[in-house]
Amino acid sequence: MPCHDLSEETRKHPCYSFEAHHQYARMHLPVAPACNIQCNYCNRKFDCVNESRPGVTSEVLNPKEAEQKFSWVKSKIDQLTVVGIAGPGDALANWSKTKETFERIRAVDPKITFCLSTNGLLLPKYAQEIVRLGVHHVTVTMNCLDPQIGAKLYRHIYYEGVSYQGEIGAKILLTNQQLGIKLLTQAGVLVKVNIVMVKGINDKHIPEVVKRAKELGAFITNIMPLIPAPGSAFEDFPQTSMDELNALRDFCQIDMQQMRHCQQCRADAIGLLQEDRSQEFRFKPETFQQEKTYRIAVTSKEGKLVNLHFGQATEFLIYEGNRKSFRLIQRRKLAKYCTGSSECEDEAQKEDIVQALSDCDFLLTLRIGYQAKKRLEHQGIRSMEYCYDVESGLNYVLDQIEKKEELRACKKLGGAS
Ligand code: CLF
Ligand code: SF4
């Protein structure tokens, strides 16, 4: 893309340009539920519609729904210039969903600017693909450079099928963040580095982080206050004071341009930064709910019955549909997840299989082991065990979804009374 197009995109990007934020709108598409790290300031389970902070959303969409919602919002908000994927988990931990969403949107709108936000763990792996997709604005949250500080900020990371804690985990994350930022900036992507300021943990270290961001070629840094999320490890920490935050921003401004108009948006935020309209654009039953479709991977020996263990499957039947009908859209050939005790140790292969299914919402299978189930959940794929025919199994999945939604609705009613 020629440079003047990039500067035009940036001029109209409400987060990258202070002048743009009063005029131009962005929408976040919450297609990325899974996360591969645990920051001590985050609790993504807590869904409060009045709350505004990253990681929170009132709904999770699949790529097709995201495309529908984009078209809907675009028809209502003329000044929409940016579509971003910012969770509620990590955009890259849900890569196939993120990618499919951008591809679908590009097919219906060749001009809209793409943006994504990530913790950076998988940036070295996906930087090239990000560039190829035409994403020219990427935010990486990089809170520190020192693994000792990182160990206080991150409970664990989940990388290539293994969970790491403490300084070892932090070191992998911090290394990948820096390498990933470099790969992006070298390819001409404008990187914004977000830094969460946690008093007593990384506040004194932040000027070094800003300097490093500059060396890596970042465009701007955005030092953000800690908002203590209920249920998170930092829930009792004090919220960062604006005076301290602004003093730090002023200090760091000497080295690097500072963003000062961030609203710490929800993962489903829509509209001008200062005027969130996400509630106005919640999925309406009459427009979307009936059309809500699911993608379900099924394990079957011959295609009629759900009669194969997840670990033994070499082919997954991929169905897409809703209550009205399901259609077999693909037979996906993959290696066996588990073929015997020795091969069961092949973590990379297991991870590849999970990644290859990451565009699916559910797995319908005869049996699945605890570890495999957890690993799929990390990718946002729920597994359900079943043992009759495929058709009734697909409906069984829908029944379970409806039951869960009813339960959630009852809980909300109970809480309000
Ligand atoms: Fe979204 Fe982030 Fe893109 Fe903006 S938000 S992915 S860069 S389009 Fe903006 Fe929201 Fe602050 Fe993020 S105000 S939290 S900086
Ligand atoms: Fe939460 Fe984002 Fe951290 Fe994941 S990377 S734990 S979603 S704040």
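Undergrad: Quick rundown of the overall build of the protein chain? Include the residues and the values.
TA: Scanning the protein chain for helices and strands turns up eleven helices and 15 strands. Looking at the protein chain residue by residue over its 417 residues, the buried ones come to 54%. The long-range fraction of contacts in the protein chain, counting pairs at least 24 apart against all pairs at least 6 apart in sequence, stands at 69%. Put simply, the protein chain shows about 19,000 Å² of open surface, and 51% of that area lies on carbon and sulfur atoms.

Undergrad: Go over the sheet that holds strand E9 (residues 220-225), please, and point to the residues and values.
TA: With mixed pairing, the seven strands of this open sheet are ordered in space as E9-E8-E5-E4-E3-E1-E10. Among the strands making up the open sheet, the edge pair consists of E9 and strand E10 (270-271). Alignment of strand E8 (residues 190-197) against E9, held across six bridges, turns out to be parallel. The residue of E9 that forms the bridge with Val 196 is Met 224. Across the sheet, helix H4 (residues 123-132) lies against strand E4 (113-118) and strand E5 (135-141), angled at about 160 degrees from E5, the strand it touches most.

Undergrad: Which residues make up the nonpolar core, and what are the values?
TA: Membership of the largest hydrophobic core comes to 73 residues, with the highest contact counts inside it found for Ile 130 and Ile 223. Dropping the residues within four chain positions of it, Ile 223 is found in contact with Ile 195, Met 197, Ile 206, Val 210, Leu 245, Leu 248, Arg 249, Cys 252 and Gln 258. Of all hydrophobic cores here, the second largest spans 17 residues; its members include Phe 310, Ala 313, Leu 363 and Ala 372.

Undergrad: Any chance you could break down the pairing of strand E7 (residues 162-165) for me, citing the residues and the numbers?
TA: Sheet topology note: the strand E6 (residues 154-159)/E7 ladder contains four bridges and is antiparallel. What sits directly across from Ile 157, in E7, is Tyr 164.

Undergrad: An account of the sheet that holds strand E13 (residues 326-333) is requested, with residue identities and associated values reported.
TA: Backbone hydrogen bonds hold the strands of a sheet together, and the pairing may be parallel or antiparallel. Spatially, the five strands line up as an open sheet ordered E13-E12-E11-E14-E15, and their pairing is mixed. Each having just a single partner strand, E13 and strand E15 (382-385) make up the two edges of the open sheet. Adjacent strand axes in the sheet meet at a mean angle of 25 degrees when their direction is disregarded. Two strands pair when backbone bridges link them, and strand E12 (residues 315-321) and E13 are joined in this way by seven bridges, in the antiparallel orientation. Note that in E13 the partner of Phe 316 across the bridge is Arg 332.

Undergrad: Could you give an account of unusual backbone geometry, naming the residues involved and the relevant values?
TA: Keep in mind that most residues, glycine aside, have a negative phi and that most peptide bonds are trans. A cis geometry characterises the amide bond from Gly 87 onward to Pro 88, with omega recorded as 15 degrees. Positive phi, normally seen in glycine, also occurs at Gln 264, with a value near 45 degrees. As for its placement among the helices and strands, Gln 264 is situated in the loop between helix H8 (242-253) and E10. Residue class for Gln 264 comes out buried when judged on its relative accessible area of 10%.

Undergrad: Break down the environment of Ile 172 for me, with residues and values.
TA: Within the secondary structure, Ile 172 is located in helix H6 (residues 166-186). C-alpha of Ile 172 to C-alpha of Leu 121: the two residues are 51 residues apart in sequence and 7.7 Å apart in space. Once you skip the residues sitting within four places of it in the chain, Ile 172 turns out to touch Leu 121, Ile 157, Tyr 159 and Tyr 164.

Undergrad: Give me the site of ligand 1: which residues, what numbers.
TA: Taken together, 15 residues lie around ligand 1, and Cys 15, His 28, Cys 115, Cys 262 and Cys 265 are the ones closest in. For the shell around ligand 1, the class distribution of residues is seven nonpolar, seven polar and one charged.

Undergrad: Lay out the packing of aromatic side chains with the relevant residues and their values.
TA: One pass over the full model with this rule turns up ten aromatic pairs. Measuring from ring centre to ring centre gives 4.7 Å for Trp 95 and Tyr 126, while their planes differ by 20 degrees; the resulting arrangement is stacked. Taken together, the residues span a long stretch of sequence, with Trp 95 in helix H3 (residues 95-108) and Tyr 126 in helix H4 at a distance of 31 residues. Accessibility assignment for this pair places Trp 95 and Tyr 126 in one class, buried. Grouping aromatic residues by their ring pairs yields a cluster made of Phe 310, Phe 316 and Tyr 337. Against the face of Phe 114 rests Arg 106, its NZ or CZ located 4.0 Å from the ring centre.

Undergrad: Would you mind going over the pairing of E8 in detail, with residue names and values included?
TA: Extensive coverage of E8 is indicated by the burial of eight of its eight residues. Residue alternation in E8 divides its side chains into two sets, Leu 190, Lys 192, Asn 194 and Val 196 and Val 191, Val 193, Ile 195 and Met 197, and both sets are buried. As defined by bridge partners, E5 adjoins E8 across five bridges and the pair is classed as parallel. Bridging across to E8, Val 140 finds its partner in Val 193. The β-α-β motif built from E8, the intervening helix H7 (residues 206-215) and the parallel element E9 has right-handed crossover chirality.

Undergrad: Help me get a handle on helix H10 (residues 370-378), residues and values and all.
TA: Note: α-helices contain 3.6 residues per turn, so residues at a spacing of three or four share the same orientation. Along H10, the positions that sit buried rather than exposed are Ala 372, Arg 375 and Leu 376. One face of H10 carries all of its buried residues, which in axial projection span an arc of 100 degrees. Of the exposed residues in H10, the ones pointing more than 90 degrees away from its buried face are Tyr 370 and Gln 371.

Undergrad: For the pattern of salt bridges, give the residues involved together with the corresponding values.
TA: Evaluated as defined, the whole model comprises 23 salt bridges. With a closest N to O distance of 3.2 Å, Arg 323 and Glu 402 form a salt bridge. Placement of the pair is Arg 323 in the loop between E12 and E13 and Glu 402 in helix H11 (residues 390-416), with a sequence separation of 79 residues. Judged by relative accessible area, which is 39%, Arg 323 ranks as partly exposed. Three or more residues are tied together by salt bridges with common partners; here these are Glu 67, Glu 100, Arg 104, Arg 295, Glu 320, Arg 332 and Asp 359.

Undergrad: Before we move on, could you go through the confidence of the model for the protein chain and cite the residues and values that matter?
TA: Where the model shows low pLDDT, its predicted coordinates should not be examined in detail. Mean pLDDT over the protein chain: 88, with 89% of residues reaching 70 or higher. Scored below 50 in pLDDT, residues 47-51 shows 14 contacts in the model against residues more than four places distant or in partner chains. Every residue in residues 412-417 is under pLDDT 50, and counting partners more than four places away or in other chains gives zero contacts.

Scoring rules and cut-offs
- Residues numbered from 1 in each chain as written.
- Chains lettered and ligands numbered in written order.
- Predicted model: local features only at pLDDT ≥ 70, side-chain atom pairs only at ≥ 80, totals over all residues.
- Heavy atoms only, no water.
- Helix = DSSP H or I, 4+ residues; strand = E, 2+ residues; numbered from the N terminus.
- Buried < 20%, exposed > 50% of the residue type's maximum accessible area, 1.4 Å probe, protein only.
- Contact = heavy atoms within 4.5 Å.
- Areas by Shrake-Rupley, 256 points an atom, 1.4 Å probe, with all protein chains shown as cover.
- Pairing = 2+ DSSP bridges.
- Axes fitted to C-alpha atoms, helices over the stretch in contact; angles between N-to-C directions.
- Core = buried A, V, L, I, M, F, W, Y, C linked by side-chain atoms within 4.5 Å.
- Near = heavy atom within 4 Å.
- Nonpolar A, V, L, I, M, F, W, Y, C, P; charged D, E, K, R; others polar.
- Phe/Tyr/Trp six-rings, centres within 6.5 Å; stacked < 30°, edge-to-face > 60°.
- Lys NZ or Arg CZ within 6 Å of the ring centre and 35° of its normal.
- Right-handed = clockwise from strand over helix to strand, strands pointing away.
- Arc of directions from axis to C-beta.
- Salt bridge = Lys/Arg side-chain N within 4 Å of Asp/Glu carboxyl O.
- pLDDT = per-residue confidence, 0-100.

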